[in-house]
Amino acid sequence: MKKPKLSSAPDSLKHESALQKTLLFPIVGIGSSAGGLEALEQFFTNMPINCGMAFVVIQHLDPNHKGILAELLQRITKMQVFTVTDMMKVKPNCVYVIPANNSMSILNGALYLFEPIEKRGLRLPVDFFFRSLADDRLDQSIGIILSGMGSDGSLGIKAIKEKGGKTLVQDPASAKFDSMPRNAIDMAQVDVVAPAEMLPSRLISIAQKFPKTVPVPEEERDPSSLEKIILLMRTHTGHDFSQYKKTTVYRRIDRRMGIHQINKIAYYVRFLQENPAELDILFNEMLIGVTGFFRDIDVWEGMIKKGIPSLLEKFPERHILRAWIPGCSTGEEAYSLGMAFKEVLEKVKPARHLSLQIFATDLDDNAIDKARKGIFPAAIADEVSPARLEHFFIKSEDHWRVSQEIREMVVFAPQNVIKDPPFTKIDILSCRNLLIYMNPELQEKLLTLFHYSLNPGGLLLLGTAESPGAQSDLFTVVDSKLRIYQRSGSPRLDELYNFPASFSHTKQDAMKNKTPLKVPDNLQTLTDQLLLQQFSPSGVLVTDQGDILYITGNTGKYLEPAAGKANMNIFAMAREGLRNELPSAFRKALQNYEKVVLHHIRLETNKGILQVEVIIRQIENPPTLKGKILLTFTDVLDQTSGASKTRKGKAAATTFQPDPEPELLRLREELQSMREEMQTSHEELQSTNEELQSSNEELTTSKEEMQSLNEELHTMNIELQSKVDDFSRVNNDLNNLLNSIEIAILFLDRTLQIRQYTAMATKIFKLIPGDIGRLFTDQVTDLDYLDMYKDAKEVMRSLVFTDKVIPTRDGRWYKIRIMPYRTLEDKIDGLVLTFIDITERKLAEEILMESQSVFRSLIHAVPGVILGLSSDGSIIEFNPRAEKLFGYKRINVLGKNYFDIFIPESSRKKVKADMKKLLSGTLPKLYKNPVKAANGKDLLIEWSAHKLLDEKGKLSGIITVGENITKP
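Residues numbered from 1 in each chain as written. Predicted model: local features only at pLDDT ≥ 70, side-chain atom pairs only at ≥ 80, totals over all residues. Heavy atoms only, no water.

(A) Up close: the pattern of salt bridges. Applying the stated criterion to the full structure yields 26 salt bridges. Notably, a salt bridge pairs R575 with E560, separated by 3.3 Å at the nearest N-O pair. One end of the pair, R575, is in the loop between α20 (570–573) and α21 (582–591); the other, E560, is in the loop between β22 (548–552) and α20, and 15 residues separate them in sequence. One connected set of salt bridges, linked through shared partners, spans R295, D296, E333 and R432. (Salt bridge = Lys/Arg side-chain N within 4 Å of Asp/Glu carboxyl O. Helix = DSSP H or I, 4+ residues; strand = E, 2+ residues; numbered from the N terminus.)

Here it is in structure tokens:
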């Protein structure tokens, strides 16, 4: 009997089917923040115009300023760039930019704007849009993360990955700010990581693989190649995916084929053989974890209000409850259960010493490692309420860490739920959205396993698209809408065979493991081989619709051409007697690979009544004939013929009366088969009704769920609008500064070509605007500076600036400084040459030098002793009369301290005080003080002092004229 399906396809798969019936074009969401403008320029510069895709750019914009990002991007790309308005339809080969102070979502290819209700610092616009893009476009959604600070976009990338979409991230090493790219890479296994300028070519390659119409049906795929891929993965990783749903496996394989631009699955098999690393990636693709904190919040509210409290009522004080979460992914589900249990315990039974031990397992070792760390990005504030964040998490820089109290409740371990022993004596078992990826047989066995693991009365949580189905007698419903069940009943004995350490192979599996027949080259040989295994009876090979492909032996006794238009269908050609029995047996044979036997079928032929045995079997091997039906006919002895011969004494014309027992037996079997089929149909209809009811409920609440996506978001501290304003302001300030200081400046690039110049530079070089980009030494100049190019090259090499005073041919003088041009990142990007006009200073120096020469001549001609002192007492002038009187040479005393050489120590303090008075003007110009000559003789000198002024008119020292008044 055919068993009903355990679960319906999720709504996402139904939506996917409807979505793929129409022609679509890919929509690419691009998220960035600080440093994103440069990355966007690199991206769109290399993106062709007619690429067939639409681009939606999400940036963190200042809500108080009008954005000009659309205008900036329009300068870079020839595609049309729009600032989004509400309900704007997305078209291919266009770019759409989010407006300032808005959140944005997409539905059926139209963009919708929301006024954010969150505080300015809590918005996550990239995550918000990417999630809606994943829901709307499913496996045709594309998400790109470029340079930016924080973790916005990481949860959105994960959502796109979960829906089967494509994800691309800028290489963090090439990003100006690498926080957003790194968080995205840590959150999900992205498809492409590359610099921004290389992402367009990778994106185009991926987009070319997108299906434009309905995908190839499973029956038209290559089952042999699929099984080979499963074998390669089992050999490489030790894990078997043969019992996963074929549609799921095909979808993951199609994703990887699209990434590598492989158009045939047979080629991908060869690619896997040559690239073992691809097997690891494909394995991880199979294990994409659909998880999050308090995912499906209604389920958790139901557990907190009803499920967990009802469970706690059964336990005494000081009891440890046990929970098991198979397929825990990165741990959000396990930690959510721990937090929910703590909240219930604090409200319901705070005085009882109850605790919960959670066992969380998963097939993915990498996911288990992340779960054990208990560290999650700041973006989880979008999923976890502020009260729970404060109570159960610890804030650390840009991430949240699970508190020690919750972390100690959970034990993480790698486990293959299909073949590894289960955890037992469990009170709560949460397995959400794992069964939908497995075939019905495996679903049934896992549900039996869960029943075995749970304590009586234990709770089972399933996903919104899952139900116990045929195993419903093992569980009672607590809440059908929330998919909460309770253990009841006992498992059937046949389900406990070789259980629970591993699952045994069914008869169907055993048939699969038999050595397949050698595949000959033509249809006749194939059919003859199969018939030889059945002792060469007459037979017919037909399709699953009954159309005859091949006939062997004499089948005229069993089949006859139908009247009317020629029809080679087995149901039309079956003789009377077989025609009524054949359809039900044929349907039963299509359900599995076990043979169906029709005993003692009475056929009316031209030669009389014939009894025949018909064997109907679906072919599994060889793969070429898989799914075809083989019917064989064997004549059997009429058990009633002997009895008729023994009836003597009756007239020869007596009517033949067959034995009714075989006919009654056959009728009973047929009636039982019809009852089973009716029961199966009833169960299937019931299951379908439940699925439709569930789908209707989910569709009814879809609008509310979309509206509830407006949760707490945060924005970044660097915004593009403020950057543009700052740049414009600084640029204006710099231009005004350069024009106001009247200094000639040349800006050169690394090749010494002119990048920019000030207006004053045109008075030295014959410059025009067209000279930008030319070598600066090509310009005509009045400077008498032959080594200027050589000095510029040396500064570029050594990075040591140089200063020189250079004349012009018309008598001007310039102080020229050549120094490296440094960027804010401390990179050398050229040279800066400044030219300061010092002609007036140079003339003043010449006049001063001439004056000093005249002054010095006068000093030497004066008959008295002349001594010049600076303000600190250093000797700056010493004439020949002073040399003769004091016995010191001028060259030996210049620059020396006057007080240390000439003033006795006993008088030094007073003489220093007198000099201060002289400088301040409080001492008469004529004064006396003792002086010690070189020979040690003490002299008394009368001085006449005069102040010395520098070129700026400031006091710099004194000049004194002395006369020796020492008594003989």
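(B) Expanded view of the sheet that holds strand β14 (residues 393–396). On the basis of which strands lie adjacent, the open sheet formed by three strands has the order β13-β15-β14 and antiparallel pairing. Because the sheet does not close on itself, it has two edges, and the strands there are β13 (375–377) and β14. Direction aside, the axes of adjacent strands within the sheet are offset by 30 degrees on average. The pairing of β13 with strand β15 (residues 399–402) spans three bridges and is classified as antiparallel. Note that in β15 the partner of I375 across the bridge is R401. (Pairing = 2+ DSSP bridges. Axes fitted to C-alpha atoms, helices over the stretch in contact; angles between N-to-C directions.)

(C) Representation of the sheet that holds strand β11 (residues 319–326) in the model. One open sheet holds the seven strands; their spatial order is β16-β12-β11-β17-β18-β20-β19, and the pairing between them is mixed. Edge positions in the open sheet fall to β16 (410–414) and β19 (475–479), since each of these has one partner strand only. Within this sheet the neighbouring strands show an average axis-to-axis angle of 20 degrees, counted without direction. Examined bridge by bridge, β11 and strand β17 (residues 426–431) share two bridges and lie parallel to one another. Paired with A323 across the strands is I428, a residue of β17. Against the sheet, helix α12 (residues 297–312) touches β11, β12 (354–362), β17, β18 (454–462), β19 and β20 (484–487), its axis set at about 180 degrees to β18. Running at roughly 170 degrees to β12, helix α13 (residues 332–348) makes contact with β11, β12, β16 and β17 of the sheet. (Contact = heavy atoms within 4.5 Å.)

(D) Spatial organisation of the nonpolar core. Formed by 46 residues in total, the largest nonpolar core has its most connected members in F293, Y335, L337, I358, F393 and F412. Considering every element that reaches this core, the biggest residue donor is α13, with eight residues. If you look at the next biggest cluster of nonpolar residues, it comprises 41 residues, including Y244, L446, L447 and L454. (Core = buried A, V, L, I, M, F, W, Y, C linked by side-chain atoms within 4.5 Å. Buried < 20%, exposed > 50% of the residue type's maximum accessible area, 1.4 Å probe, protein only.)

(E) Focus on the environment of L40. In this structure, L40 sits in helix α2 (residues 36–45). Leave out the neighbours within four places in its chain, and L40 touches I30, S32, V57, Q59, L69, L73 and L146.

(F) Region of the structure containing the pairing of strand β21 (residues 538–542). Among the five residues in β21, five count as buried, and that is most of the element. Across five bridges, the pairing between β21 and strand β25 (residues 629–635) is antiparallel. Opposite G539, over in β25, you have T632 as the bridge partner. Summarising the sheet, β21 and β22 pair through four bridges and their orientation is antiparallel. Bridging across to β22, V542 finds its partner in I548.

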